[in-house]
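Listed below are the residues making up each chain.
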Amino acid sequence: MTSSRRLFSYTMAFAGLLTALYAITSLLALAAATLTLGSNTLLGAEDLRSRASFYLAALIVGLPLWLGFWLAAQRRLARSPEERNARERRLFLGAVFATTSVVVLFGLHTLLQVLLTLPGPPALQLSALDGIAAGARLLVYAAAWVVYARIGWSERSAGDEDEFHDVAACVLAGFALTFLAIGVGEALRQLVGDLLGAAQPTLLAERPGSLWTIWGAIAAWILSGGAVWAAIWQYDLARGGRRDQRVVYLYIVLLVAVPVTLGGAVQGLNELLRRIFGYREMPPNWSFLEDVLPLVLVGGMLWVYHWHVMRRQAALDTTAAPDRAGGIAWPRRPGLALLCALGLAMAAPALGSLLWLTLDFLLNTGAALGDPGWWRDRLSLGIAAGLVGLAAWLGGWSVLERAAVAAPQSERASEARRRLLGGVVLVSALAAVGFTIALLWLALQTLLGARLDATQVTSMLKYLSAALIGLALVAYHGLILRADRAFGPAVAARVRIVALIAPGAEAALETLRQQSGRPILVAGRLAPDGTAAQVDLPTLEQLLAGLGSGGDSQSDSALLLLRPDGGSLHCYTRLRHSIG
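Residues numbered from 1 in each chain as written. Predicted model: local features only at pLDDT ≥ 70, side-chain atom pairs only at ≥ 80, totals over all residues. Heavy atoms only, no water.

Novice: Can you walk me through the overall build of the chain in this structure?
Specialist: Secondary structure assignment for the chain yields 15 helices and 5 strands. By residue count, 39% of the 580 residues in the chain fall in the buried class. Of the contacts made within the chain by residues no fewer than 6 positions apart, 79% connect residues no fewer than 24 positions apart. Split by element, the accessible area of the chain, about 30600 Å² in all, is 67% carbon and sulfur. (Helix = DSSP H or I, 4+ residues; strand = E, 2+ residues; numbered from the N terminus. Buried < 20%, exposed > 50% of the residue type's maximum accessible area, 1.4 Å probe, protein only. Contact = heavy atoms within 4.5 Å. Areas by Shrake-Rupley, 256 points an atom, 1.4 Å probe, with all protein chains shown as cover.)

Novice: Any chance you could explain the nonpolar core here in plain terms?
Specialist: Burial of nonpolar side chains together is a common tendency in soluble globular proteins. Within the largest apolar cluster, 60 residues are counted, with the highest numbers of intra-cluster contacts made by W229, Y249 and W397. No other element matches helix α7 (residues 244–276), which puts 11 residues into this core. In this structure W229 touches A173, A176, L177, L180, Q234, Y249, Y305 and H306, once residues within four positions along its chain are discounted. Counting residues in hydrophobic clusters, the runner-up holds 16 residues, among them W66, V96, V104 and Y141. (Core = buried A, V, L, I, M, F, W, Y, C linked by side-chain atoms within 4.5 Å.)

Novice: Sorry, what's going on with the pattern of salt bridges here?
Specialist: Between side chains of opposite charge, a pair can form when the charged atoms approach closely. Going through the model one piece at a time under the given rule, you end up with 22 salt bridges. Linking E155 and R90 is a salt bridge whose minimum nitrogen-to-oxygen distance equals 3.2 Å. Of this pair, E155 sits in helix α4 (residues 128–155) while R90 sits in helix α3 (residues 87–116); the two residues are 65 residues apart in sequence, bridging distant segments of the chain. For the pair E155 and R90, one class covers both residues: buried. Of the charged contacts in the structure, one is a salt bridge between R451 and D453, with a shortest N-O distance of 3.7 Å. (Salt bridge = Lys/Arg side-chain N within 4 Å of Asp/Glu carboxyl O.)

Novice: Help me out: how do you make sense of a nonpolar patch on the surface in this one?
Specialist: Nonpolar side chains collect at one region of the surface, where F106, V167, V171 and F175 lie side by side and expose about 290 Å² of accessible area between them. It is helix α5 (residues 163–196) that contributes the most residues to the nonpolar patch, 3 residues altogether. Along the chain, the position of V171 falls in helix α5. Overall, the relative accessible area of 32% leaves V171 in the partly exposed class. (Patch = residues over 30% accessible without salt bridge, like charges linked within 9 Å, V, L, I, M, F, W, Y side chains within 5 Å.)

Novice: Explain the environment of G135 to me, please; I cannot follow it from the model alone.
Specialist: Here G135 lies in helix α4. For G135, a relative accessible area of 23% translates into the label partly exposed. Along the chain, G135 and T110 lie 25 residues apart, while their C-alpha atoms are 8.4 Å from each other.

Novice: Looking at this structure, I do not really get the packing of helix α10 (residues 372–406) against helix α12 (residues 415–447). What am I missing?
Specialist: A pair of packed helices is captured by two measures, namely the crossing angle of their axes and the spacing between those axes. Orientation of α10 relative to α12, taken along the N-to-C sense of each, is 125°, at an axis distance of 12 Å. Viewed along their axes, α10 and α12 adopt a mutual orientation that is oblique. Note that α10 runs across α12; the crossing there is left-handed. Seen from α10, the contacting residues are W397, L400, E401 and A404; seen from α12, they are R417, L420 and L421. When the residues that make up the contact of α10 with α12 are grouped by side-chain class, the tally is 5 nonpolar, no polar and 2 charged. (Axes fitted to C-alpha atoms, helices over the stretch in contact; angles between N-to-C directions. Parallel < 35°, antiparallel > 145°, perpendicular 65-115°, else oblique. Left-handed = near helix turned anticlockwise from the far one by under 90°. Nonpolar A, V, L, I, M, F, W, Y, C, P; charged D, E, K, R; others polar.)

See the structure below:
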């Protein structure tokens, strides 16, 4: 079957399945609401008739559509076992796994929220219809998930390479982790607000019903997200090996958690410095901690944990060549480079602002210090962003520099390091050029007779400060980049060696691995009579024509080594698990 026909078949099966699941879920919820709530369903006869007709129409179309294309796919699988390895089938199973599991997660959260807020005030509760609909989604989509998950695992074990299944697991883990983070963040925000509030916190207030509304909703986020994330994440880690999709997932989490943590730290430090510099509120108000502490604590916990998992990925990679002493194992190096870039992006504008304020103060132009409130806010924000940004940059850059000293040949020539240095030099140079042009523009206006007032002076100082910071970054990183170029072009981080082994060659394989120090993956085993001698082209044509029609029925693949005057043909059986 051609790839385009197979893609069309599985796409239609997927569309039919989702349509049928939606219709079954809606009909089940409608029937349950009518039977249990009766007149309280708030659905009139006309509305009930319209909804039931639409759901039945969707079921009449979706169910045959799914069954027709899915049963056709199953018949192809029965005729040809190779169908189970088709990318379109793996994509279909992965899409069903991700879609149904995410819907189950949302249904579980809503159902828990309805149940946990029942003792609260009725006006603040979710409706019973919401709970019935969530329960129906949970039941129907969970059943579909179980069925197709079992099919997927029966065709390919959990430890096998399956990129679409890996993506599906990471999608579910990402949604569940988001639910958990929201719940923990809201809980921290509520606790901090209670501690900063009145003498009697709302946790001990005289309105116990409101506690169920507040904490029931929070508990629903934590329980649904925490249970699902713990289960899917443990499942993914138990599958073993370093998986590229898992690394992508880790980077996505870090790309969210790190900026959130640093942004919360800047916001909190800025508010503290504002108060140190004289900002007063009557009555004293520290409510900003309700927003800052959850960001810093939740983001920081996600950052620390997922970076720890990232560090473990190199040890799980059996195909990676041994790292040189002191070097940074992939995939940590790109993360460190991104941390340095983020730190500089925060620190450079802040340092430019502080330099501008300093020059403005020393020259006594009066513009910066004219409004004490403006001065206080600008100074506190500059110091906060500068300190946090420099700490982030120094944390990543110090690791990169130590590795460059310990393993200069591999580290100084690494792609991540060179892209970081080159990007900083390029962006800083462009910024310096732009601000220099702006500075010269004002200077030339003055030379040509324009009146020089305090506003123009402070603008010139602003552009001068930004240009100086840009030039300083260019000089520092440019010198390092120039020194790194002496170590030659970037070297390949990994060399992947794949072998086909004949029966009885296992001992030779282990000896070769030990003597060479290289990891060797076994893609398959040669058939006992599957190694052909060097033959001419006509003989090769006969061998190729006879493949699959007899001989070794155990072989499912063939390797052709072709030369201008002939070649050799090797029949082998692919392995589901690579050896070693």
